[in-house]
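# Structural features, examined
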Amino acid sequence: MNTLFVGHNLLKFSSLSSTNDFCWQLLLEKSLPDGTLVWTPLQTQGKGQRGKLWLSEEGNSLTFSIVFKPKANVLEQFFLNKAIALGVCEGINSLAVKAKIKWPNDI
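Given the structure is predicted, the values throughout are model-derived calculations rather than measurements. (Residues numbered from 1 in each chain as written. Predicted model: local features only at pLDDT ≥ 70, side-chain atom pairs only at ≥ 80, totals over all residues. Heavy atoms only, no water.)

### Remarks on the nonpolar core
Rules: Think of a nonpolar core as a cluster: buried Ala, Val, Leu, Ile, Met, Phe, Trp, Tyr and Cys residues, connected wherever their side-chain atoms sit within 4.5 Å. A simple rule labels every residue: compare its accessible area, found with a 1.4 Å probe on the protein chains alone, to the largest value its type can have, and call it buried under 20%, exposed over 50%, or partly exposed in between. Note on contacts: a residue pair is in contact if any heavy atoms of the two residues lie within 4.5 Å.
The biggest cluster of nonpolar side chains holds six residues, and these are Leu16, Cys23, Leu26, Leu32, Val38 and Val67. With residues up to four places along the chain from it excluded, the contact list for leucine 32 reads Asn9, Cys23, Leu26, Leu27, Val67 and Lys69. Ranked by size, the runner-up nonpolar core spans five residues in total, among them Ala85, Cys89, Ile92 and Ile101.

### Digging into the sheet that holds strand β1 (residues 10–12)
The test is simple: Here, a strand pair is defined by DSSP locating no fewer than two bridges between the strands. Helix and strand assignments come from DSSP, with helices taken as H or I runs of at least 4 residues and strands as E runs of at least 2, each series counted from the N terminus. For helices, the fitted axis covers only the stretch in contact; all axes are lines through C-alpha atoms, and the angles between them, taken along N-to-C directions, range from 0 to 180 degrees.
Within the open sheet, the three strands sit side by side as β1-β2-β5. Their pairing is mixed. With one partner strand each, in any of the chains shown, β1 and β5 (64–66) form the two edges of the open sheet. When the angles between neighbouring strand axes are averaged without regard to direction, this sheet yields 10 degrees. With three bridges connecting them, strand β2 (residues 37–39) and β5 associate as antiparallel partners. Bridge pairing in β5 links tryptophan 39 to phenylalanine 64.

### Section: helix α1 (residues 19–29)
For clarity, the threshold we go by: Directions are taken from the helix axis to each C-beta atom, and the arc is the one they span. A 3.5 Å cut-off defines polar contacts: any pair of N or O atoms within that distance qualifies, except that in protein one atom must be a possible hydrogen donor and the other a possible acceptor, and neighbouring residues in sequence count only when both atoms are side-chain atoms.
Buried residues of α1: Thr19, Cys23 and Leu26, and no others. The buried residues of α1 occupy an angular sector of 65 degrees when the element is viewed end-on, so they sit on one face. Residues of α1 that are exposed and point more than 90 degrees away from the buried face comprise Trp24 and Leu28. On its buried face, α1 sits against β1, β2 and β5. The N-cap of α1, judged by a side-chain oxygen 3.3 Å from the amide nitrogen of asparagine 20 a few residues on, is serine 18.

Right, here's the structure in full:
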């Protein structure tokens, strides 16, 4: 990938229950490089807010998680989340695909 660091460590799977859960499990077992991207076209048990299930349609959803290790304090991490969501949405819109943000971080 032609990025500064995101996705240089790319882990692709044909299917996962949850990219988020997979990242957390890996982080419990070993250290992952900052910017590790876990991607699958089919996520069967995605996580929504407040314990809700996040449903995705194979090939029609952004089903990935990125491991970030910011050195910012907790208050600054909220602004980092906002900046990432805005940047992703702007990037998608630049491809002539209408995207919007459902806060806090759903595109």
